[in-house]
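# Fold and geometry: a report
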Amino acid sequence: MTPGSGLQAGLKNRHLSMIAIGGVIGAGLFVGSSSGIATAGPGILLSYALVGTLVVLVMRMLGEMSAANPTSGSFSAHADRALGRWAGFSIGWLYWFFWVVVLAVEATAGAKILEGWVPAVPQWGWALIVMIVLTATNLVSVGSYGEFEFWFAGIKVVAIGAFVVIGLLAVFGVLPGVDADKASFGNLTSHGGFLPHGPGAILTGVLLVVFSFMGSEIATLAAGESEDPERAVTKSTNSIIWRIGVFYLGSILVVVSLLPWDDPSIAKDGSYVAALNSLGIDHAGQIMNVIVLTSVLSCLNSGLYTASRMAFSLGERGDAPKAFARVNSRGVPMTAILASVVFGFVAVFFNYLSPDTIFLFLVNSSGAVALFVWLVICFSQLRMRKIIQREAPEKLVVKMWLYPYLTWATAALIVGVLVYMLFDTEHDGRQTVLLSLLVAAIVLVIAVVRQRLAAARPAPAAESPADKVTIG
């Protein structure tokens, strides 16, 4: 935890463990995987494997820096120290912007499901109720956030685990009472081959699945409010490989094995619902709606927490209003939480008032932020490793593999994905990158102007917040 930050160590080890596990399981996995399967066929497995490898490498770099210096600002605070105030300011505010837009997207998704169950309450009403409940949860204490997330993530983990086990039993023909006539590993190659649309579809698939992985880094932000930050970061970093392997690759493998990738029901009902329906499981759609709703609530809960802690960290470093860095008697940064949720409410309002213009701009202009964050983590780690080695080498309890070569290779891969997106007009990749770059450029200009204005002013006698960031 950042010394003197005022945040309290209210997260238990079990909270951190489940936050780390649940962080890689977003609603996008359930909702968005069908379009990826339609685009790349069974080859979507390679898309997930490629992005999964990218996330593992980025999380290893972030784990190295966060284990040495756990802080609520995570990669933004590391960028501040390693690259300069402009970098910490820019990536911190972009990340905050990403999550407050996610609040609106997820609140709307949850409201649609709830309206289907209770149509007497309008969709906007459900969105309002969901936002108010989870705002209250975050305002009570960090422990209440952790407890809610523990159960939300637990339901997701159990649901996907059960899906993988049941699906594999059906594929092997040993699931009692089920006649899964289409289930076979032969589905991976028998309908036009493993790559029915050619190798290029793998990269297109990457564009469709990359954003469903955002959230892996939440555990490093939350570690600053845990009982043992160093242990929490180390554990979450070391377990990322099996988490992605089981929950993403495992579940998608089951889907494309239970049904041919070109089965119409995958596009019509969604990949997971179609897979469950193929096994004759009653009420599969409603079961999946409950799981998706849980994922939406989990994402909302974590999104509000993450946005508020980033705002808190920016306030601490003087890059946001000082009020953001104030906490109440329970160690909760109320102003940072309320500021984040207000923007979320405004975005929800725009989703109903102007879904095809203002809200679409907000979504697209935040779409590539995940890749920007990962790229900044790469460059921060290249510099931060030298700083840690010089100042506190004993803090290198987590090390990036094959440093610096694998770090440079990861950065090159991220740049490659961004460049490929610029040529993707079919799935709005170009628009997403260009709008995200526009917003990033605006934030970067503000950061540079602020830094130059600060440099022109007489230096204060007291130490600046950025200078207080120390390793250890």
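Report follows, based on the coordinates. Remember, it's a predicted structure, so these values are computed and weren't measured experimentally.

Moving on: the overall build of the protein. Across its full length, the protein holds 19 helices and 0 strands. Taking 23 Å as the expected radius of gyration for a compact globule of 472 residues, we find that the protein reaches 22 Å, a close match to that expectation. In terms of overall dimensions, the protein has C-alpha extents of about 75 × 55 × 40 Å along its principal axes. For the protein, with 472 residues in total, the buried portion stands at 57%. A separation of at least 24 residues holds for 81% of the contacts in the protein among residues at least 6 apart in sequence. Taken as a whole, the protein presents about 18,700 Å² of accessible surface, with 68% of it coming from carbon and sulfur.

Moving on to the nonpolar core. Judged by nonpolar contacts, the single largest core of 154 residues is most densely connected at F75, Y95, W99, V373, W374, I377 and I414. Of all the elements, helix 5 (residues 85-117) adds the most residues to this core, at 19 residues. Those residues in contact with F75, other than ones at most four positions away along the chain, are L62, I91, Y95, E217, L221, M310, V373 and I377.

Let us now look at the pattern of salt bridges. Opposite charge on two side chains makes pairing possible when the charged atoms of those side chains draw close. Inspection of every chain in the model, using the stated rule, returns 8 salt bridges. Between R81 and E391 there is a salt bridge; the shortest N-O distance is 2.7 Å. With R81 in helix 4 (residues 74-82) and E391 in helix 17 (residues 369-391), this pair connects stretches of sequence that are 310 residues apart. Judged by relative accessible area, which is 25%, R81 ranks as partly exposed. Where salt bridges share partners, they join D80, R85, R317, D319 and R450 into one cluster.

Our focus in this paragraph is helix 18 (residues 405-422). The first and last C-alpha atoms of helix 18 sit 26 Å apart over 18 residues, in line with the 26 Å expected at 1.5 Å per residue. Burial in helix 18 covers these residues: T407, T410, A411, I414, V417, L418 and M421. In a view along the axis of helix 18, the buried residues occupy a sector of 115°, so they form one face of it. For helix 18, the secondary structure elements touched by its buried residues are helix 3 (44-68), helix 8 (200-209), helix 17 and helix 19 (429-456).

One can describe the packing of helix 16 (residues 358-366) onto helix 19 by two numbers: an axis separation of 6 Å at closest approach and a directional angle of 85°. Taken as axis vectors, helix 16 and helix 19 run roughly perpendicular relative to one another. Touching F361, N364, S365 and S366 of helix 16 are Q431, T432, L435, S436 and V439, all from helix 19. By residue class, the composition of the contact of helix 16 with helix 19 is 3 nonpolar, 6 polar and no charged.

Looking now at helix 14 (residues 284-316). The terminal C-alpha atoms of helix 14, which comprises 33 residues, lie 47 Å apart, in line with the 48 Å expected from a rise of 1.5 Å per residue. Most of helix 14 is tucked away: 27 of the 33 residues are buried. G318, located one to two residues past helix 14, shows a positive phi value of around 80°.

Right, let's talk about unusual backbone geometry for a bit. In this model, Y403 is joined to P404 through a cis peptide bond whose omega is 0°. Phi is positive for S74, close to 45°, though the residue is something other than glycine. One can find S74 in helix 4. Overall, S74 belongs to the buried group, its relative accessible area being 0%. Its identity is not glycine, yet L402 carries a phi of approximately 50°, on the positive side. Tracing the chain through its elements places L402 in the loop between helix 17 and helix 18. A residue is classified by how much of its surface remains accessible, and L402, at 63% relative accessible area, is exposed.

Moving on, we get to the environment of D282. Position of D282 relative to the elements: it lies in the loop between helix 13 (271-278) and helix 14. D282 gets classed as exposed once you look at its relative accessible area, which sits at 60%.

With that out of the way, let us pick up the side chain of E64. Position of E64 relative to the elements: it lies in helix 3. A distance of 3.0 Å separates a polar atom in the side chain of E64 from a polar atom in the side chain of Q381. A distance of 2.8 Å separates the side chain of E64 from the side chain of R385, its partner in a polar contact. Each residue touching E64, except ones within four places of it in the same chain, is listed here: Q381, R385, I388, L396, V398, K399 and M400.

Moving on to the packing of aromatic side chains. Per the stated rule, a full pass over the model turns up 17 aromatic pairs. Measuring from ring centre to ring centre gives 4.2 Å for Y145 and Y305, while their planes differ by 0°; the resulting arrangement is stacked. Taken together, the residues Y145 in helix 7 (residues 142-171) and Y305 in helix 14 connect sequence positions 160 residues apart. Here F150 and W151 contribute two aromatic rings whose centre-to-centre distance is 5.2 Å and whose plane-to-plane angle is 90°, an arrangement assigned as edge-to-face. In textbook terms, an aromatic cluster arises when at least three aromatic residues are bridged by ring pairs, as seen for F75, Y95, F98 and W99. Taking the ring centre of Y403 as reference, the NZ or CZ of R385 above it sits at 4.3 Å.

Calculation rules
Residues numbered from 1 in each chain as written. Predicted model: local features only at pLDDT ≥ 70, side-chain atom pairs only at ≥ 80, totals over all residues. Heavy atoms only, no water. Helix = DSSP H or I, 4+ residues; strand = E, 2+ residues; numbered from the N terminus. Rg over C-alpha atoms; globule rule 2.2 N^0.38 Å. Buried < 20%, exposed > 50% of the residue type's maximum accessible area, 1.4 Å probe, protein only. Contact = heavy atoms within 4.5 Å. Areas by Shrake-Rupley, 256 points an atom, 1.4 Å probe, with all protein chains shown as cover. Core = buried A, V, L, I, M, F, W, Y, C linked by side-chain atoms within 4.5 Å. Salt bridge = Lys/Arg side-chain N within 4 Å of Asp/Glu carboxyl O. Expected span 1.5 Å × (residues − 1). Arc of directions from axis to C-beta. Axes fitted to C-alpha atoms, helices over the stretch in contact; angles between N-to-C directions. Parallel < 35°, antiparallel > 145°, perpendicular 65-115°, else oblique. Nonpolar A, V, L, I, M, F, W, Y, C, P; charged D, E, K, R; others polar. Polar contact = N/O pair within 3.5 Å; in protein donor to acceptor, adjacent residues only side chain to side chain. Phe/Tyr/Trp six-rings, centres within 6.5 Å; stacked < 30°, edge-to-face > 60°. Lys NZ or Arg CZ within 6 Å of the ring centre and 35° of its normal.

Purely geometric numbers; function is a separate question.
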